[in-house]
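Examination of the molecular architecture
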Amino acid sequence: MTSESNLPDEPEGEEIQLQVSDERTKEIFNIRARIDRNPDELTDPDRLTVVKGPHENTEEEWYIDVLETDPDDGIDRELLEATMSAMEDQSTVINTRSKEVKTLLRYLTETDEYESVSEASRTIMLEYLSDNYGELVEEYIDLKVRSERSELADELYEYK
C-alpha cells in the first residue's frame with residue numbers, strides 16, 4: 001500500500017523510489033520498483049493499493065514490480081537502533097562547552113525568539129538535522145514509530 005502523494009507525476013513503467021507499507025503489519029519500507037495500472041506491462045506484478053484523496057479514503061488498484069527493498073541510503077539501521085536503545089537510560093542533556101554558542105542562544109532567548117536556551121538549541125539542531133540529514137531523520141522516525149507501536153501492542157495484548 002502507498003499514498004498517491006508518494007508517486008511521481010507519471011510513474012507508470014518508470015523505475016522509481018517508493019515508500020510502501022505492509023497492509024497487515026503497517027511496517028514501512030523504502031523500495032525501488034516499477035508500477036503500472038496494467039499488470040501486463042510488468043515482469044512479475046504484485047497488487048499495489050494506492051490510497052488517495054484528502055483523507056486517503058479512496059483506493060485504486062495498481063501493480064508493482066519490486067526491484068530492490070530498502071535500497072542503500074547509507075544509514076546503518078542496526079547502529080541507529082542500538083543508539084536509540086542506549087539512549088533510553090541516559091541523560092538527554094547535550095553540552096557543547098562553548099561560550100560562543102551559549103551566548104548566541106542566550107541572545108535569541110533574550111530577544112524573545114525562543115522561550116529558553118534549551119528550546120532554541122533543540123529547535124535549531126532539529127531544523128539542521130532535518131535539512132542536512134533528512135534520510136537519517138526519516139529512518140529514526142520509522143524506527144521510533146515501530147518501537148512505540150510494538151510496545152503498545154505488547155501492552156494491549158498482555159491482557160488478552
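Residues numbered from 1 in each chain as written. Predicted model: local features only at pLDDT ≥ 70, side-chain atom pairs only at ≥ 80, totals over all residues. Heavy atoms only, no water.

Within the protein, the secondary structure is distributed over 4 helices and 5 strands. For the protein, the N- to C-terminal ordering of α and β elements is β-β-β-β-β-α-α-α-α. Taking 2.2 N^0.38 as the reference for a compact globule, 160 residues should give roughly 15 Å; the C-alpha atoms of the protein span a radius of gyration of 21 Å, well beyond that estimate. Projecting the C-alpha coordinates of the protein onto the three principal axes gives extents of approximately 65 × 45 × 30 Å. Counting the 160 residues in the protein, one finds 21% classified as buried. Sequence separation of 24 or more characterises 47% of the internal contacts of the protein that already satisfy a separation of 6 or more. (Helix = DSSP H or I, 4+ residues; strand = E, 2+ residues; numbered from the N terminus. Rg over C-alpha atoms; globule rule 2.2 N^0.38 Å. Buried < 20%, exposed > 50% of the residue type's maximum accessible area, 1.4 Å probe, protein only. Contact = heavy atoms within 4.5 Å.)

Time to look at the nonpolar core. Grouped together as the largest cluster of nonpolar side chains are 11 residues: L7, I16, L18, V20, I31, A33, I35, L48, V50, W62 and I64. Not counting residues up to four positions away in its chain, the partners in contact with V50 are T2, S3, E4, L7, T58, E59, E60 and W62. (Core = buried A, V, L, I, M, F, W, Y, C linked by side-chain atoms within 4.5 Å.)

In short, shape yes, function no, at least from these values alone.
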